[in-house]
Amino acid sequence: MSTRTATRAQAIESALEAARWAPSVHNTQPWSFAVSGEEISLRADADRKLRVSDTEGRQLLISCGAALFTMRTALSCEGYQPVVRVLPDPDRPSLLATVRLGATIEADEHTRLLRGEIERRRTHRAGFTNLPVPEQVVERLVKEASMEQARLTPVRSPDAVRVVAALTQAAQGVQAQDRLFSLEVIRWARPPGSRRTDGVPAEGYPREAVRTDPDFPQRDYSWRHDWGSQGDQGASSTAGVVALLTTPGDTREEWIATGQALQRVLLHASAHGVSAAFHTQALEMPHLREFLRESLCSGEQPQMIMRLGITFDQTAAVRRPLYEVAD
Ligand SMILES: Cc1cc2nc3c(=O)[nH]c(=O)nc-3n(C[C@H](O)[C@H](O)[C@H](O)COP(=O)(O)O)c2cc1C
């Protein structure tokens, strides 16, 4: 047994602590965990589903998939092979996965690198500096996604980037005028100084961001309020590398795989100083999503739209404590 190996109870606690730091849509943290012996159950928390913008629970399952990858990474670094079953029981659809502690192992250097980024990684919500993302890093991110059965496609042509930006603008424009969409975003916006442990904190986006060219509008978390951080976080204006995460089909298994791929990509990017900004508004509108699928995704299903780039800004994030999410 490796000298690094924690006791099984410590390993489980460390994996649950880590899983809380996964990204989730609007920081809804739509998961709960149950421990039975040496097995962790990951469950979807339907009360935290976005009923207007995520009727099918696609983004909920992507978020939980990211938590699953985080658990796997943490368990490996505690010295245990994670033995995962995805959607193990057709009669319990909210049971998304079980993770059992397997043989003792020594995590490889790359897994330890990813582990080190779990709490440090942050979503960015503005333009990037004009420092380029190294091509080798982009290529490696594509490989990381493929290891989790998803495809990351950097959008290389400026015309295609403009199309993705235009779809984002159209979706954001329509959603901003839709009362139900707006109310849902506001429901998950965390006001300055709030003690809530979920939602997008006002310190997590600039009060006024400089427009990127082409412009990728952010979600309006500060709707009609003067919220947002006042640092120079919003001063950079480079859009960065636009990338699409896709899967061949659109099943629940593939949504969970997308989340695992997403977190693998984000942690690897973070380890190389690269941050991600997300713009998933167009994916919440079926006709725009279908258009994107046909026109830019070679018929695959678009699951995430992101921009990758370099920033020196630190955005804020909060998480629910372990005792609220685990039993
Ligand atoms: C499925 C999914 C969709 C997301 N969509 C957006 C988005 O459209 N705009 C955005 O600013 N962030 C988006 N995010 C990022 C979340 O807001 C972010 O993960 C959450 O607030 C936690 O913050 P952190 O990533 O900094 O830890 C998305 C995340 C996930 C998993």
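Look up a bit, the structure's there.
Conventions used here
Residues numbered from 1 in each chain as written. Predicted model: local features only at pLDDT ≥ 70, side-chain atom pairs only at ≥ 80, totals over all residues. Heavy atoms only, no water. Helix = DSSP H or I, 4+ residues; strand = E, 2+ residues; numbered from the N terminus. Rg over C-alpha atoms; globule rule 2.2 N^0.38 Å. Buried < 20%, exposed > 50% of the residue type's maximum accessible area, 1.4 Å probe, protein only. Contact = heavy atoms within 4.5 Å. Salt bridge = Lys/Arg side-chain N within 4 Å of Asp/Glu carboxyl O. Near = heavy atom within 4 Å. Polar contact = N/O pair within 3.5 Å; in protein donor to acceptor, adjacent residues only side chain to side chain. Areas by Shrake-Rupley, 256 points an atom, 1.4 Å probe, with all protein chains shown as cover. 1 Å grid on protein atoms, 1.4 Å probe; cavity = no way out; pocket = protein on both sides within 12 Å on 5 of 7 lines; lining within 4 Å. Sits in = over half its atoms within 2 Å of the grid points. Nonpolar A, V, L, I, M, F, W, Y, C, P; charged D, E, K, R; others polar. Points joined across faces, edges and corners; volume = space filled by probe spheres on them.

Draft legend 1. Molecular detail of the overall build of the protein chain. Secondary structure summary: the protein chain contains 9 helices and 10 strands in total. Taken over C-alpha atoms, the radius of gyration comes to 19 Å for the protein chain, in line with the 20 Å a tight globule of 327 residues would show. When its C-alpha atoms are laid out on the principal axes, the protein chain stretches across 55 × 40 × 40 Å. Within the protein chain, the proportion of its 327 residues that are buried is 59%. Once local pairs closer than 6 in sequence are excluded, the contacts in the protein chain between residues at least 24 apart make up 78%.

Draft legend 2. Region of interest: the environment of Glu 184. Looking at the element boundaries, Glu 184 is found in helix α6 (residues 179-187). In this structure, the C-alpha to C-alpha distance between Glu 184 and Ala 67, residues 117 residues apart in sequence, is 23 Å.

Draft legend 3. Representation of the pattern of salt bridges in the model. All chains considered together, the criterion is met by 20 salt bridges. In this structure, the salt-bridge partner of Arg 211 is Asp 215, at a minimum N-O distance of 3.6 Å. Residue Asp 215 is classed as buried on the basis of its relative accessible area, which comes to 15%. Note that Arg 289 is salt-bridged to Asp 250, the shortest N-O span being 2.9 Å.

Draft legend 4. Local environment of the site of the ligand. Contacts to the ligand come from 22 residues, most closely from Thr 123, Arg 125, Arg 219, Thr 280 and Arg 319. Within the side chain of Arg 121, one N or O atom sits 2.9 Å away from an oxygen atom of the ligand. Contact distances for the ligand include 2.8 Å between an oxygen atom and a side-chain N or O atom of Arg 125. When the free accessible area of the ligand is taken as 620 Å², the share hidden by the protein chains comes to 99%. When each cavity is represented as a set of grid points, the ligand is found to reside in the largest cavity. Top element by residues in the shell around the ligand is helix α2 (residues 58-77). It accounts for 3 residues. Of the residues contributing to the shell around the ligand, the split by class is 8 nonpolar, 9 polar and 5 charged.

Draft legend 5. Examining empty space enclosed by the protein more closely. For the coordinates displayed, the defined rule picks out 2 cavities of 30 Å³ or more. Volume-wise, the largest cavity comes out at about 470 Å³. Those elements that provide at least two residues to the lining of the largest cavity are α2, β7 (200-201) and β9 (275-278). The greatest single-element share of the lining of the largest cavity, amounting to 3 residues, is contributed by α2. When grouped by side-chain class, the residues that make up the lining of the largest cavity number 12 nonpolar, 13 polar and 5 charged.

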